[in-house]
Amino acid sequence: METRKRNLLAGIAVAAVGTLALAGSLGFQYSIGSKLAELLPALEAHSGAVVMSYETSTRTSWTWNFKRASDGCWRQKTLTISEGQMLLAEASCGEGELVLSLKQGDKEETLALEGLDGPLVISLADFEPGKLQLRLTANGAKDVEFHISLEDGQ
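Within each chain, residues carry numbers counting from 1 in the order of the written sequence. Only residues with pLDDT of at least 70 are given local features in this predicted model, and only at 80 or more are side-chain atom pairs given and counted; all residues enter the totals for whole chains, interfaces and linings. Processing note: side-chain calculations cover all non-hydrogen atoms of the structure and skip hydrogens and water entirely.

*Asks:* Which residues make up a nonpolar patch on the surface, and what values do they have?
*Replies:* Patch membership needs two things, relative accessible area over 30% and no salt bridge, and members are linked within 9 Å if like-charged or within 5 Å if nonpolar (Val, Leu, Ile, Met, Phe, Trp, Tyr). In this description, accessible areas are obtained by the Shrake-Rupley approach with a 1.4 Å probe, and a residue is regarded as covered only by the protein chains that are shown. Definition used for salt bridges: Asp or Glu carboxyl oxygen within 4 Å of a side-chain nitrogen of Lys or Arg. On the surface, a nonpolar cluster with roughly 320 Å² of combined accessible area is contributed by Leu8, Leu9 and Ile12. Of note, Leu9 is situated in helix 1 (residues 2-43). Going along the chain from the N terminus, every DSSP run of H or I of four or more residues is numbered as a helix, and every run of E of two or more is numbered as a strand.

What follows is the structure in structure tokens.
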């Protein structure tokens, strides 16, 4: 009988500790989740699913190649531009469309990139020196090769 009481008390203790651990874990996840929800808009750099993706970037260039992406999938990068600079974009798309958006404050410019015969020179004369956000959106795009670089103007 004494052994049964001891086992019962041990079982109750394990259940109580497990319940407290679960409650603590859920509380921690909730608090972290609410903080992440506040931070995510600032950290947002992409959306959608991509198959066989290769992406690199430096301070002055960005390359993104992929086999296929979900409709509306996008990636974004921020470059720091100086007066007199321009962007040089090269893109090929086996199917679908690619849209490049340039944004700085309230100013936004959108360019269709499919069907390019060669590099596209993009003037930055309408933008101020400082941070420039680039966003490439793939709509039904397949077999994509994209490269953009910041160049000094002539």
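*Asks:* Hey, could you go over the side chain of Thr63 for me, with residue numbers and the actual values?
*Replies:* Along the polypeptide, Thr63 turns up in strand 3 (residues 61-69). A polar contact of 2.6 Å, which involves the side chain of Thr63, links it to the side chain of His147. Residue contacts are defined here by distance: any two heavy atoms, one from each residue, within 4.5 Å place the two residues in contact. If near-sequence neighbours (up to four positions away) are discounted, Thr63 is found in contact with Tyr54, Glu55, Thr56, Phe146 and His147. A 3.5 Å cut-off defines polar contacts: any pair of N or O atoms within that distance qualifies, except that in protein one atom must be a possible hydrogen donor and the other a possible acceptor, and neighbouring residues in sequence count only when both atoms are side-chain atoms.

*Asks:* Account for the side chain of Thr137, with residues named and values stated.
*Replies:* Within the secondary structure, Thr137 sits in strand 8 (residues 130-152). Looking at Thr137, the relative accessible area reads 16%, which means it is buried. Apart from the residues lying within four places of it in its own chain, the contact partners of Thr137 are Gly72, Cys73, Trp74, Glu97, Leu98 and Val99. Working definition: with a 1.4 Å probe on protein chains only, accessible area under 20% of the residue-type maximum means buried, over 50% means exposed, and in between means partly exposed.

*Asks:* An account of the packing of aromatic side chains is requested, with residue identities and associated values reported.
*Replies:* Ring pairs shown here join Phe, Tyr and Trp side chains whose ring centres sit within 6.5 Å, with only the six-membered ring taken for Trp; geometry is labelled stacked below 30 degrees between planes, edge-to-face above 60, and tilted in between. Under the definition given, this model contains two aromatic pairs. A centroid spacing of 5.3 Å and a plane angle of 80° characterise the contact between Trp62 and Phe146, whose relative ring orientation is edge-to-face. Taken together, the residues span a long stretch of sequence, with Trp62 in strand 3 and Phe146 in strand 8 at a distance of 84 residues. Between Trp64 and Phe66, the ring centres sit 4.6 Å apart and the planes meet at 45°, which makes this aromatic pair tilted. With respect to class, Trp64 is no different from Phe66; both count as buried. The ring centre of Phe127 lies 5.4 Å from the NZ or CZ of Lys107, which sits over that ring. Placement of a charge over a ring requires the Lys NZ or Arg CZ to be within 6 Å of the ring centre, with the centre-to-atom vector within 35 degrees of the ring normal. Cation over ring: Arg135 sits above Trp74, and NZ or CZ is 3.6 Å from the ring centre.

*Asks:* Give a detailed account of the pairing of strand 3, specifying residues and quantitative values.
*Replies:* Pairing between strands is defined by DSSP: at least two bridges between them are needed. Two elements, strand 2 (residues 50-57) and strand 3, share seven bridges in a ladder whose sense is antiparallel. Bridging from a neighbouring strand, Ser53 pairs with Phe66 of strand 3. As consecutive antiparallel partners, strand 2 and strand 3 are separated by three residues. Pairing of strand 3 with strand 8, which is carried by seven bridges, proceeds in the antiparallel orientation. Residue pairing for strand 8: Asn65 is matched across the bridge by Glu145.

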